[in-house]
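Remarks on the overall topology
Chain by chain, the residues:
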Amino acid sequence: MSSIVIAVVVVVVLLVLFVLLLLSRYRVPGAEEAFIVTGTGKGHQGKVYRGTGTFVLPVVQRATRVQLSSIKADLDTSTPANDGIELKVRGVAVVKVGDTPEAILKAGPRFGDDLNRVKALVTEQLSGELRSIVGTMTAKSILVDRQQLVDQVAQSIKEILANQGLLLDSFSINDVQDSDGQYFSDLAAKERSDQAAIAAQSRAEAHRVAEQSRIHNEQAIIE
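These remarks concern the structure in this document. Model, not experiment: these values are computed from the prediction.

1. Considering the pairing of strand β2 (residues 33-39)
Walk down a regular strand and you will see the side chains alternate between the two sheet faces. In terms of residue burial, β2 counts as a mostly covered element, since 5 of its 7 residues are buried. The pairing of β2 with strand β5 (residues 61-67) spans 7 bridges and is antiparallel. Of the residues in β5, the one forming a bridge with valine 37 is alanine 63. Across 3 bridges, β2 lies against strand β3 (residues 47-49) in antiparallel orientation. Within β3, the position partnered with phenylalanine 35 by the bridge is tyrosine 49.

Below you can see the structure in the form of structure tokens.
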């Protein structure tokens, strides 16, 4: 009888250990995470799990955690514009790994859950694209229409990041200055002067029209 009891205890212990082993191999991604499971039965690239858990078999399978939360990359670079004026440009980009399985499979093997690697790559590539596009524009055109620069950089970098499984949430340029602070100052002063001259000309034209109207009215009265 005692041998039967011992056998039952052994079986129960083995079952408990087996269940604990299974539970220890169950992976559930967090709200801002995904798992790429590679190995036996998961295809050539692996299979993406997001919002649902899965068992990861020991030895024959491996789970790679991928962070999906957004990160902010600050840009601060100096580069010459098309007219030779050296510009200092500061901006900020918000980037994340794309939500689709295809994007996660592209980004996962390269970045995993290391957001600092994502930030470093985005900063490097955005700075390069920013310098390249600034070099095609004049300093004055950038000062007058900064949004044009933002749109061109965003459009260009979106395609580059998408090839690496990354998504550009937003991009903005906070400040643009010439290196010695003189060119933009002179340009702004000239712009104010031109606007003042236009305003003065408009006032003079309005006065002339009013005077002609007064003379016309007086002649009408005399007639």
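2. So, a nonpolar patch on the surface
Among the surface-exposed residues, Tyr26, Val28 and Phe55 lie close enough to one another that they form a single nonpolar patch of about 280 Å² accessible area. Along the chain, phenylalanine 55 turns up in strand β4 (residues 54-55).

3. Brief notes about the environment of glutamine 125
Inspection of the secondary structure assignment puts glutamine 125 in helix α3 (residues 115-134). The sequence separation of glutamine 125 and leucine 161 amounts to 36 residues, and the corresponding C-alpha distance is 8.7 Å.

4. Focus on the nonpolar core
Leu149, Leu166 and Phe171 are the most contacted members of the largest nonpolar core, which has 39 residues in total. Elements that contribute at least two residues to this core include exactly β2, β6 (71-80), β7 (86-97), α2 (101-111), α3, α4 (139-144), α5 (146-162) and β8 (166-178). Not counting residues up to four positions away in its chain, the partners in contact with leucine 166 are Val95, Lys96, Val97, Gly98, Phe111, Val118, Leu121, Val122 and Leu161.

5. Comments concerning α3
For α3, spanning 20 residues, the distance from its first C-alpha to its last is 28 Å, which sits close to the expected 28 Å at 1.5 Å a residue. Along α3, the positions that sit buried rather than exposed are Val118, Leu121, Val122, Leu126, Ser127, Glu129, Leu130, Ile133 and Val134. The secondary structure elements touched by the buried residues of α3 are β6, β7, α2, α4, α5 and β8. Of the residues that open α3, the one with a side-chain oxygen 3.1 Å from the backbone nitrogen of asparagine 116 is aspartate 114.

6. Details of the sheet that holds β6
Picture the strands of a sheet paired through backbone hydrogen bonds; they go either parallel or antiparallel. Spatially, 3 strands are ordered β6-β7-β8 in an open sheet, and the strand pairing comes out antiparallel. Strands at the two margins of the open sheet, each flanked by one partner only, are β6 and β8. Neighbouring strand axes in the sheet, compared pairwise and without regard to direction, differ in orientation by 20 degrees on average. In the sheet, β7 pairs with β8 via 11 bridges, with the strands oriented antiparallel. Paired with valine 92 across the strands is serine 172, a residue of β8.

7. What to know about the sheet that holds β5
Spatially, 3 strands are ordered β3-β2-β5 in an open sheet, and the strand pairing comes out antiparallel. Of all the strands in the sheet, the pair left with one neighbour each is β3 and β5. Neighbour to neighbour, the strand axes of the sheet diverge by 25 degrees on average, direction disregarded. Set on the sheet, α2 makes contact with β2, β3 and β5; between it and β2 the angle comes to about 75 degrees.

8. Topic: the packing of α3 against α5
For any two helices packed against each other, one specifies the inter-axial angle together with the distance between the axes. Contact geometry for α3 and α5: axes closest at 10 Å, N-to-C directions at 135 degrees. One element, α3, and the other, α5, form an angle in the oblique class. Where α3 crosses over α5, the two elements pack in a sense that is right-handed. Of α5, the residues touching α3 (which contributes Val122, Gln125, Leu126, Glu129, Leu130, Ile133 and Val134) are Leu149, Gln152, Val153, Ser156, Ile157, Ile160 and Leu161. Its residues assigned to classes, the contact of α3 with α5 comprises 10 nonpolar, 3 polar and 1 charged.

9. Points about the side chain of glutamate 33
The residue glutamate 33 is located in strand β2 in this model. Its relative accessible area of 14% is what places glutamate 33 among the buried residues. At 2.9 Å, the side chain of glutamate 33 and the side chain of arginine 65 are in polar contact. Other than its neighbours up to four places away in sequence, glutamate 33 contacts Arg50, Arg65, Val66, Gln67 and Leu68.

What counts, and where the lines are drawn
- Counting of residues starts from 1 at the beginning of each chain's written sequence and follows it residue by residue.
- Given that this is a predicted model, residues contribute local features only at a pLDDT of at least 70 and side-chain atom pairs are listed and counted only at 80 or more, while totals for whole chains, interfaces and linings are drawn from all residues.
- As a convention, hydrogens and water are excluded, and side-chain values are obtained from all of the structure's heavy atoms.
- The buried label goes to any residue with under 20% of its type's maximum accessible area, the exposed label to any with over 50%, and the partly exposed label to all in between, with areas taken from a 1.4 Å probe on protein chains only.
- Runs of E in the DSSP output that reach at least two residues are strands. Runs of H or I that reach at least four are helices, and both are numbered from the N terminus.
- Any two strands are treated as partners once DSSP identifies two or more bridges connecting them.
- Residues qualify for a patch when their relative accessible area is over 30% and they have no salt bridge, like charges being joined within 9 Å and the nonpolar side chains of Val, Leu, Ile, Met, Phe, Trp and Tyr within 5 Å.
- Accessible surface area values rest on a Shrake-Rupley calculation with a 1.4 Å probe, where residue burial reflects the displayed protein chains alone.
- Salt bridge, as used here, is a side-chain nitrogen of Lys or Arg placed within 4 Å of a carboxyl oxygen of Asp or Glu.
- Throughout this description, the term nonpolar core refers to a set of buried Ala, Val, Leu, Ile, Met, Phe, Trp, Tyr and Cys residues connected via side-chain atoms within 4.5 Å.
- What makes two residues a contact is simply this: any of their non-hydrogen atoms within 4.5 Å.
- Multiplying one less than the number of residues by 1.5 Å gives the expected span of a helix.
- Within 3.5 Å is the distance limit for a polar contact, defined as a pair of N or O atoms, with the added protein rule that one can donate a hydrogen and the other accept it, and that residues adjacent in sequence qualify only through two side-chain atoms.
- Structural elements are reduced to axes, namely lines fitted to C-alpha atoms, with helices fitted over the stretch in contact, and the angle between N-to-C directions of any two is expressed from 0 to 180 degrees.
- Note on angle classes: values under 35 degrees are labelled roughly parallel, values over 145 roughly antiparallel, values of 65 to 115 roughly perpendicular, and the remainder oblique.
- Crossing handedness is defined as follows: a turn of the near helix away from the far one that is anticlockwise and smaller than a right angle gives a left-handed crossing, while the clockwise case is right-handed.
- Gly is put with the polar residues, along with every residue not named as nonpolar or charged; the nonpolar set is Ala, Val, Leu, Ile, Met, Phe, Trp, Tyr, Cys and Pro, and the charged set is Asp, Glu, Lys and Arg.

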